[in-house]
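In case you want the letters, here they are:
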Amino acid sequence: MTYPQERLDQLDSFFRAANYLGAAQLYLRDNALLREPLRPEHIKPRLLGHWGTQPGLNLIYAHLNRLIQDTGQNVIYIVGTGHGAPGVLACVYLEGTLSAYYPDFTQDYAGLNRFVRDFSWPGGMPSHLTALTPGAMHEGGELGYSLAHAFGAAFDNPDLFVACVVGDGEAETGPLAGSWQSNKFLNPATDGAVLPILHLNGYKLSGPTILARIGKDELRDYFKGMGYASREVAGDDPAIVHHEMWAALDWARRKIRRIQQSARSGRLQELPEWPVIILRTPKGWTDPKMLDGKPLEGTFHSHQIPIEDPATNPAHLKLLEQWLRSYKPEELFDEEGKPVSQVSAICPEREKCMGRNRNANGGELLKELPVPNYSEYAVQVSHPGESRTEGTKILGRYLRDVFRASAPERNFRLFCPDETTSNRLQAVFEETLRDWQLPMVASDEFLSHDGRVVEILSEHCCQGWLEGYLLTGRHGIFACYEAFLTIIDSMMAQYAKWRKMSAEIPWRKPVASLNYVITSHVWEQDHNGYSHQGPSFINMLLTKKASETRIYLPPDVNCLLSVADHCLRSRDYINLIVTSKKPMLQWLDMPAAQAHCAAKASEWTWAGNVDKGEEPDIVLAGAGDVPTRETLAAAWWLRREVPDLRVRVVNVVDLFGLRSPQDHPHGMEEERFNRLFGENSEVVFAFHGYPNVIHELIHHRPNPTRFHVRGYMEEGTTTTPFDMCVLNQLSRYDLAIDALRRTPRLGDKGHRAIQMFEKKLQDHREYIRQNDEDMPEVQQWDWTGPVAQAA
Ligand SMILES: Cc1ncc(C[n+]2csc(CCOP(=O)(O)OP(=O)(O)O)c2C)c(N)n1
Ligand SMILES: [Mg+2]
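In this report, the structure presented in the accompanying data block is examined.

Basis of the calculations
- Residues numbered from 1 in each chain as written.
- Chains lettered and ligands numbered in written order.
- Predicted model: local features only at pLDDT ≥ 70, side-chain atom pairs only at ≥ 80, totals over all residues.
- Heavy atoms only, no water.
- Patch = residues over 30% accessible without salt bridge, like charges linked within 9 Å, V, L, I, M, F, W, Y side chains within 5 Å.
- Areas by Shrake-Rupley, 256 points an atom, 1.4 Å probe, with all protein chains shown as cover.
- Salt bridge = Lys/Arg side-chain N within 4 Å of Asp/Glu carboxyl O.
- Lys, Arg positive; Asp, Glu negative; His and termini not counted.
- Charge placed at Lys NZ, Arg CZ, Asp CG, Glu CD.
- Helix = DSSP H or I, 4+ residues; strand = E, 2+ residues; numbered from the N terminus.
- 1 Å grid on protein atoms, 1.4 Å probe; cavity = no way out; pocket = protein on both sides within 12 Å on 5 of 7 lines; lining within 4 Å.
- Points joined across faces, edges and corners; volume = space filled by probe spheres on them.
- Nonpolar A, V, L, I, M, F, W, Y, C, P; charged D, E, K, R; others polar.
- Expected span 1.5 Å × (residues − 1).
- Buried < 20%, exposed > 50% of the residue type's maximum accessible area, 1.4 Å probe, protein only.
- Contact = heavy atoms within 4.5 Å.
- Polar contact = N/O pair within 3.5 Å; in protein donor to acceptor, adjacent residues only side chain to side chain.
- Pairing = 2+ DSSP bridges.
- Axes fitted to C-alpha atoms, helices over the stretch in contact; angles between N-to-C directions.
- Parallel < 35°, antiparallel > 145°, perpendicular 65-115°, else oblique.
- Left-handed = near helix turned anticlockwise from the far one by under 90°.
- Near = heavy atom within 4 Å.
- Donors = N, O, S within 2.8 Å, 3.2 Å for Na, K, Ca; no water.
- Core = buried A, V, L, I, M, F, W, Y, C linked by side-chain atoms within 4.5 Å.

## Here we look at a negative patch on the surface
Next, step 1: On the surface, Glu-615, Glu-669, Glu-670 and Glu-679 cluster together to form a negatively charged patch.
Next, step 2: Along the chain, the position of Glu-670 falls in helix 22 (residues 670–677).

Right under this line is the structure:
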């Protein structure tokens, strides 16, 4: 096939202009179009950025422009190697988008000079793609997540075509290697398409890449094994590569169209073979072939700044000038400094430009999630601590109806590493099933081609998909075992950075919050043990900006419903909900739960024995479902055994309520904090996670050393549920002993009670070893009983 020379020339002009501006951004503080001979004072003092990946990114951008022009296709561009930002910024500048978002970067000489100078310059554009880049929805700093983001963007987005550049170094990361399997979850009838483009430039930082060095057949088979048909575009002569790339993109689009058309007309029966393009071009393509007698183009030396000292080395300055002039900037920009029509001719019309695609600024497309009235799922609680219910079971019913209500829009998904059933959320399967595009057999359960629960045993994929889904304007939730959510700590951190920056950019619109529900938590002994016990995700969230993080520890089901409803309707936050899947005692009826959640923390007067305003001997505080139970049981025992001990019981549902208001928007006013915790009372605090979390949260409060926090202290094994509390000294008996030790005025009475509780701990240890279950007085404990009846 031959293509019109005129358009091939336009493609090449755009490619050269983007390469020129990409390289210029790395080096020039002035003289951006080399209208004068290059002098040392034109060179930036600090040369910061990456060149090697740029030419490939620019080539792909140019060709996607051509594709959009020819087909009107709705395309977003995801770039895994976001360190190639200057290239992408150059493309977005050339197509005219950047000036629309940043009026300083006009398409004239002054604007172009500013644009070139401002890259990696204080106050200017950062060295990587970030939320500041129009058209971007993926920050390529931490490599590995591009493809998962691409698929997340494509789910339930039937018209979208996501072009995703994967670096060959990036392809070595675990998350990326896992993400290829996302095609097993892409339904061509209802989802959009992802076109991965493997950027095989041969090197990562300083070493070769695996996929560039395995045989061509092996590489083809690798993709075939993962369900892709690959087509290679290779070379170092732009004229040839343009030709091949044009053909490859048309091939890919034809394939995608065929797949989608047959799926959408009900003719597709089996998993389609999706296209992948392998772009094999030199690293640093078009930079000088040699530097100081050593090869430069096509080697890892081109990765960052190919010529490092042009300001001080005249020979290198000359070489840099030759290199920059090799793109012929005088042919690419007119007198005014505007891109000539030969360059802009290949750009799509305004609204079709990739820099302007609203899918990459998903808040613009966001629609309200229709949520049912959560009060309708409330459990009856006529007396606190009387009945037991599984939190996630009820949450599952609520989520089922969120799926039902959002079915017409198809804009809500649940992502999960194959734990929906294990986490007892399976009521959702009454409304939608698990997305599965591979063959199904009779013994499978809950699978379907158009399910909106997406399960893969890769927390990275779940996280990446959800991020992609949210950033393109939809809603979702990630349900996970607590200990294994920490696998994506780092992804969450990158997402938090993206969100933090987005919130500071006026044209980035709010998106739905990223919601985590973690269950099968540290205190929930099931089949697992120490490996499954780890609440450190909370610690990780604590390090993030207060403006974007929220942590909820609902003590019971009605609080869980209230919190979940709030999270699903919120915007721009990272919400963490910690809850139980086990039958747990229920404490609050719905009105009380609503009031408790709104208050963030409150005194449970029915559980203590102090009058309003009276200073207690001890405050027993709890945060988390199991710690709440243990706190209440401790209060129950203390009131029974030492009735003249004045106990106040406080429960915390919104963890950041503990922080001072100047540190977090949810922080409680000091006066209220003191009303709850007293000013001088000793506080024994039972916490779901690591104790240092509470110490950190309250460190601005008066007299913080009176807080004695008990939580998980890395003691774990496969044992009875209550034994986990004992091992970590969070059990009701430990809490009671602690409370008594901190109340010396009780004298002998206190000592006797302490001995009694120590004996109970001893009894517990012996009992579980003999019986493999907790003592009846622990298992059957509820709030009704002598104290409650007496109260
Ligand atoms: C997860 C992660 N590990 C390490 C790095 C450091 N790093 C930055 S660029 C790079 C090489 C990337 O190679 P490749 O994906 O092939 O990109 P390209 O060759 O196109 O520059 C590395 C290792 C990183 N950014 N992210
Ligand atoms: Mg590479």
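## A word on empty space enclosed by the protein
Next, step 1: Per the stated rule, a full pass over the model turns up five cavities of 30 Å³ or more.
Next, step 2: By volume, the largest cavity is sized at about 130 Å³.
Next, step 3: In this structure, the largest cavity is lined by 15 residues; those nearest its centre are Ser-520, His-521, Glu-524, Asn-528 and His-532.
Next, step 4: Broken down by element, the lining of the largest cavity gets its largest block of residues, three residues, from helix 16 (residues 482–485).
Next, step 5: Here the lining of the largest cavity is built from residues that sort into four nonpolar, seven polar and four charged.

## Remarks on helix 26 (residues 747–771)
Next, step 1: A rise of 1.5 Å per residue sets the reference length of helix 26, with its 25 residues, at 36 Å; its end C-alpha atoms lie 36 Å apart and thus fit the reference within 8%.
Next, step 2: All buried positions along helix 26 are accounted for by Gly-750, Ala-753, Ile-754, Phe-757, Lys-760, Leu-761, His-764 and Ile-768.
Next, step 3: Looking at the buried residues of helix 26, the elements they touch are helix 21 (625–641), helix 24 (721–727), helix 25 (732–741) and helix 27 (776–779).
Next, step 4: Following helix 26 by one or two positions, Asp-772 adopts a phi angle in the positive range, close to 60°.

## Section: helix 10 (residues 238–264)
Next, step 1: The terminal C-alpha atoms of helix 10 lie 38 Å apart, and with 27 residues this matches the ideal 39 Å at 1.5 Å per residue to within 8%.
Next, step 2: Two or three places before Ala-239, at the opening of helix 10, Asp-237 has a side-chain oxygen 2.9 Å from that residue's backbone nitrogen.
Next, step 3: Of the residues one or two after helix 10, Gly-266 is the one with positive phi, at around 75°.

## Quick notes on the sheet that holds strand 22 (residues 707–710)
Next, step 1: Sheet architecture is open: five strands sit in the order 18-20-19-21-22, paired in mixed fashion. The outermost strands of the open sheet, each flanked by one partner alone, are strand 18 (601–603) and strand 22. Ignoring strand direction, the axes of neighbouring strands in this sheet form an average angle of 20°.
Next, step 2: In the sheet, strand 19 (residues 618–623) pairs with strand 21 (residues 682–687) via six bridges, with the strands oriented parallel. The residue of strand 21 that forms the bridge with Gly-622 is Ala-686.
Next, step 3: Packed on one face of the sheet, helix 21 meets strand 19, strand 20 (647–652) and strand 21 and runs near 155° to strand 19.

## As for the packing of helix 6 (residues 146–154) against helix 15 (residues 459–471)
For any two helices packed against each other, the geometry is given by the interaxial angle and the distance between the axes.
Next, step 1: Interhelical geometry of helix 6 versus helix 15 gives an angle of 50° and a closest axis separation of 6 Å. Overall, the two elements helix 6 and helix 15 adopt an arrangement that is oblique. Handedness of the helix 6/helix 15 crossing: right-handed. Two secondary-structure elements touch here, helix 6 through Ala-148, His-149, Phe-151, Gly-152 and Ala-153 and helix 15 through Cys-461, Gly-464, Trp-465, Glu-467, Gly-468 and Tyr-469.
Next, step 2: When its residues are assigned to classes, the contact of helix 6 with helix 15 shows six nonpolar, four polar and one charged.

## Thoughts on the site of ligand 1
Next, step 1: Taken together, 17 residues lie near ligand 1, and His-83, Gly-141, Asp-168, Gly-169 and Lys-283 sit nearest.
Next, step 2: Side-chain polar atom of His-83 to an oxygen atom of ligand 1: 2.7 Å apart, as the coordinates give it.
Next, step 3: For ligand 1, an oxygen atom lies 2.7 Å from a polar atom in the backbone of Gly-169.
Next, step 4: Computed on the free molecule, ligand 1 has an accessible area of 590 Å², of which 75% lies beneath the protein chains in the complex.
Next, step 5: Residue composition of the shell around ligand 1, grouped by class: three nonpolar, nine polar and five charged.

## Observations concerning the side chain of Asn-58
Next, step 1: Mapping Asn-58 onto the fold places it in helix 2 (residues 54–71).
Next, step 2: Apart from the residues lying within four places of it in its own chain, the contact partners of Asn-58 are Phe-15, Ala-18, Asn-19, Gly-87, Val-88 and Cys-91.

## Quick look at the coordination of the magnesium ion (ligand 2)
Next, step 1: Every protein donor of the magnesium ion (ligand 2) is listed here as Asp-168 (OD), Asn-201 (OD1) and Tyr-203 (O), and their distances to the metal cover 2.0 to 2.1 Å.
Next, step 2: Read in sequence order, the donor residues for the magnesium ion (ligand 2) give the motif D-x32-N-x1-Y. Within this pair, whereas Asp-168 is found in the loop between strand 2 (160–167) and helix 7 (174–179), its partner Tyr-203 is found in the loop between strand 3 (193–199) and helix 8 (210–213), the two being separated by 35 residues in sequence. The pair formed by Asp-168 and Tyr-203 is uniform in burial state, with each residue classed as buried.

## Overview of the pattern of salt bridges
Next, step 1: Summed over the entire model, instances satisfying the criterion amount to 48 salt bridges.
Next, step 2: Of the charged contacts, one joins Arg-220 and Asp-221 as a salt bridge, the two residues approaching to 3.5 Å between their closest N and O atoms.
Next, step 3: The class for Asp-221 is partly exposed, based on a relative accessible area of 42%.
Next, step 4: The partner of Glu-431 in a salt bridge is Arg-404, and the shortest N-O contact between them spans 2.7 Å. Taken together, the residues Glu-431 in the loop between strand 9 (412–416) and strand 10 (434–435) and Arg-404 in helix 14 (residues 391–406) connect sequence positions 27 residues apart.
Next, step 5: The class for Arg-404 is partly exposed, based on a relative accessible area of 41%.
Next, step 6: The network of salt bridges with common partners includes Asp-156, Asp-191, Arg-410, Arg-413 and Asp-435.

## Quick word on the nonpolar core
Next, step 1: With 184 residues, the main nonpolar core has Tyr-77, Leu-655, Phe-677 and Phe-685 as its most contacted residues.
Next, step 2: For this core, the element with the most residues is helix 1 (residues 5–27), which contributes twelve residues.
Next, step 3: When residues no more than four places from it in sequence are discounted, the contact partners of Tyr-77 are Leu-57, Ile-60, Tyr-61, Leu-64, Val-88, Gly-135, Ala-163, Val-165 and Met-354.
Next, step 4: Core analysis: the next-biggest nonpolar cluster, separate from the first, contains 81 residues, Leu-369, Leu-730, Ala-736 and Phe-757 among them.

## Brief notes about the sheet that holds strand 1 (residues 74–79)
Next, step 1: If you trace the five strands from one edge of the open sheet to the other, you get 1-2-3-5-4, paired in parallel fashion. Across the chains shown, the open sheet's two edge strands, defined by having one partner strand only, are strand 1 and strand 4 (228–234). Between one strand axis and the next, the sheet turns by 20° as a mean value, whatever way the strands run.
Next, step 2: Two strands pair when backbone bridges link them, and strand 1 and strand 2 are joined in this way by six bridges, in the parallel orientation. Directly across from Val-79, in strand 2, lies its bridge partner Val-165.
Next, step 3: Helix-sheet contacts for helix 10 involve strand 2, strand 3, strand 4 and strand 5 (274–280), and the interaxial angle to strand 5 is about 165°.

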